[in-house]
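Descriptive structure summary
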Amino acid sequence: MLRLLCLSAALFICLSSFSQLRVSDNKRFLVTKEGKPFFWLGDTAWELFHRLNREDAKVYLQNRAAKGFTVIQAVVLAELDGLETPNAYGDKPLINNDPSRPNEAYFKHVDFIVREADKLGLTIGMLASWGDKWNKSTWGKGPEIFTPANAGLFGEYLGKRYNNNSIIWIMGGDRDCTEPADFAIIRSMVEGLKKGGGSQHLFTFHPQGGKSSSDFFKSDDWIDLHMSQTGHYESAPNYTFNQKHLAFSPLKPHLDGEPRYEDHPNAFNAAEKGWLDDVETRQAAYWSMLSGACGHTYGNHNIWQMFTEERQPVSMARTHWKVALDHPGSYQVGYLRKLLESRAWQRLQPDQEIISGDNPAGKEFKVAAVSADGDFLMAYVPYGRKTTINTAKLKASRLRAWLFNPRDGRAVPIGEFDNTGNKEISFPSVGRGSDWVVVADDAARNYPKPGAR
């Protein structure tokens with residue numbers, strides 16, 4: 001089993017030193033120290049440090065590495081009574097809830113998980129604290145423990161401790177800045193992290209649902225990339241967040257850091273609206289990546305809280321986290337990554353003119369992008385309805401096209417044809433759950449089969 005996991009993980013880029021990641025020269029995506037594009041494929045494991053023991057943490061991390069995830073988003077001072085309820089070994093993170101007095105035993109457990117992630121080539125998107133520890137004005141367990149002064153001290157402690165690990169610092173924690181003190185606390189913690197870590201890591205901010213980091217820190221120099229939380233309801237149009245951020249100056253990479261979760265009650269109302277499933281998580285991922293994101297974060301409602309039947313569920317969680325590890329959406333975002341990395345995805349530019357005819361907003365909204373060099377394009381068709389593709393966006397006179405199945409990662413050849421400016425595409429299946437991606441290439445480039453499966 002371990003050999004299989006290692007072989008699967010080897011299919012994806014493995015970084016030895018995340019601290020060398022930087023923003024690309026065109027400010028659209030992230031790159032390694034060698035200048036290679038870094039595909040952010042994240043998972044929200046907010047309670048990872050707080051609720052899992054070491055054996056289970058390894059199970060979780062190995063599963064995510066094998067599926068092609070690259071970033072694991074987890075919280076040091078966790079949401080679910082993270083200050084007063086001890087971790088799996090009976091340790092609380094702070095002595096007397098004092099940010100200037102970290103508990104060494106608790107942080108040794110965090111150290112272990114971070115090292116295991118490093119071994120697997122996974123980057124930890126580390127939140128120093130959930131938002132209720134600095135702004136409890138709306139909800140949360142709290143208590144509020146941070147001031148600008150002690151936030152800087154805590155940041156410096158974390159920065160020093162994880163200076164040599166694969167970390168992206170995510171500020172905020174599902175909370176908006178509503179008072180001047182909130183902004184002061186976040187900025188002070190950032191200063192402390194940079195002081196302790198030598199400014200080697202990238203920074204972003206995780207806001208409440210329907211918001212973006214740019215709503216609060218649009219022009220702050222410390223923000224390297226913007227992050228949005230687009231909400232846990234059907235057809236949340238996350239592509240509009242990319243459209244907004246691509247128009248910003250200064251331009252910075254952007255991604256959806258908390259989209260619709262798989263197995264989450266739709267709009268928090270399962271009785272009337274049902275549950276979100278892999279159909280919604282796939283759609284959010286393709287909408288995001290073909291509208292200009294630098295990466296995408298998947299989430300599962302059971303996994304973020306590491307739900308078991310012995311725990312009180314949050315918002316109707318219903319599936320043991322170990323079972324939820326293999327829900328369909330977690331495989332399918334890996335197929336998305338393989339598809340995009342079978343082409344130079346970092347050269348894609350959103351272009352809705354690729355979709356000919358009516359394309360109203362809603363569940364069936366189609367998104368498309370074309371490479372900057374005009375040698376390939378991709379169009380996502382959520383309900384598999386007959387679509388005409390504007391192939392004039394491609395420069396070649398002869399094209400080769402494929403239908404990529406986001407559900408199983410397989411591609412069906414359409415064949416070669418002359419580029420007459422438009423190509424009508426019919427799909428093998430139609431309706432909810434019958435989403436497809438049209439991939440059209442310059443035939444002379446002889447690109448490989450999309451997804452390589």
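Refer to the structure above for everything that follows.
Residues numbered from 1 in each chain as written. Predicted model: local features only at pLDDT ≥ 70, side-chain atom pairs only at ≥ 80, totals over all residues. Heavy atoms only, no water.

**Let's talk about the pattern of salt bridges**
The full count for this structure, using the stated rule, is 32 salt bridges. Among the salt bridges present, the one from Arg-187 reaches Asp-220, with a minimum N-O distance of 2.8 Å. Taken together, the residues Arg-187 in helix α6 (residues 180-197) and Asp-220 in the loop between α7 (214-217) and β10 (226-229) connect sequence positions 33 residues apart. Overall, Asp-220 belongs to the buried group, its relative accessible area being 15%. Ionic pairing is found between Asp-278 and Arg-282, a salt bridge with its closest N-O pair at 2.7 Å. Linking Asp-278 with Arg-282, this pair stays in helix α10 (residues 278-289), spanning 4 residues, or about one helical turn. (Salt bridge = Lys/Arg side-chain N within 4 Å of Asp/Glu carboxyl O. Helix = DSSP H or I, 4+ residues; strand = E, 2+ residues; numbered from the N terminus. Buried < 20%, exposed > 50% of the residue type's maximum accessible area, 1.4 Å probe, protein only.)

**Side note on the sheet that holds strand β13 (residues 348-350)**
Judged by pairing direction, the sheet is antiparallel, and its 6 strands sit side by side in the order β13-β15-β16-β21-β18-β19 without closing on themselves. Strands at the two margins of the open sheet, each flanked by one partner only, are β13 and β19 (411-418). Across this sheet, the average inter-strand angle for adjacent strands is 20°, counted without regard to direction. Where strand β18 (residues 398-404) and strand β21 (residues 436-442) come together, 6 bridges link them in antiparallel fashion. Within β21, the position partnered with Ala-401 by the bridge is Ala-440. The sheet contacts of α10 involve β15 (367-371), β16 (376-381), β18 and β21, and relative to β16 the element is tilted by about 145°. (Pairing = 2+ DSSP bridges. Axes fitted to C-alpha atoms, helices over the stretch in contact; angles between N-to-C directions. Contact = heavy atoms within 4.5 Å.)

**Some points on helix α13 (residues 328-341)**
A turn of α-helix holds 3.6 residues, and therefore any two residues three or four places apart point the same way. Its 14 residues place the ends of α13 20 Å apart at the C-alpha level, agreeing with the 20 Å of an ideal helix rising 1.5 Å per residue. By the criterion of burial, α13 is predominantly enclosed, with 10 of the 14 residues buried. Those residues of α13 not exposed but buried are Gly-329, Ser-330, Gln-332, Val-333, Gly-334, Tyr-335, Leu-336, Arg-337, Leu-339 and Leu-340. (Expected span 1.5 Å × (residues − 1).)

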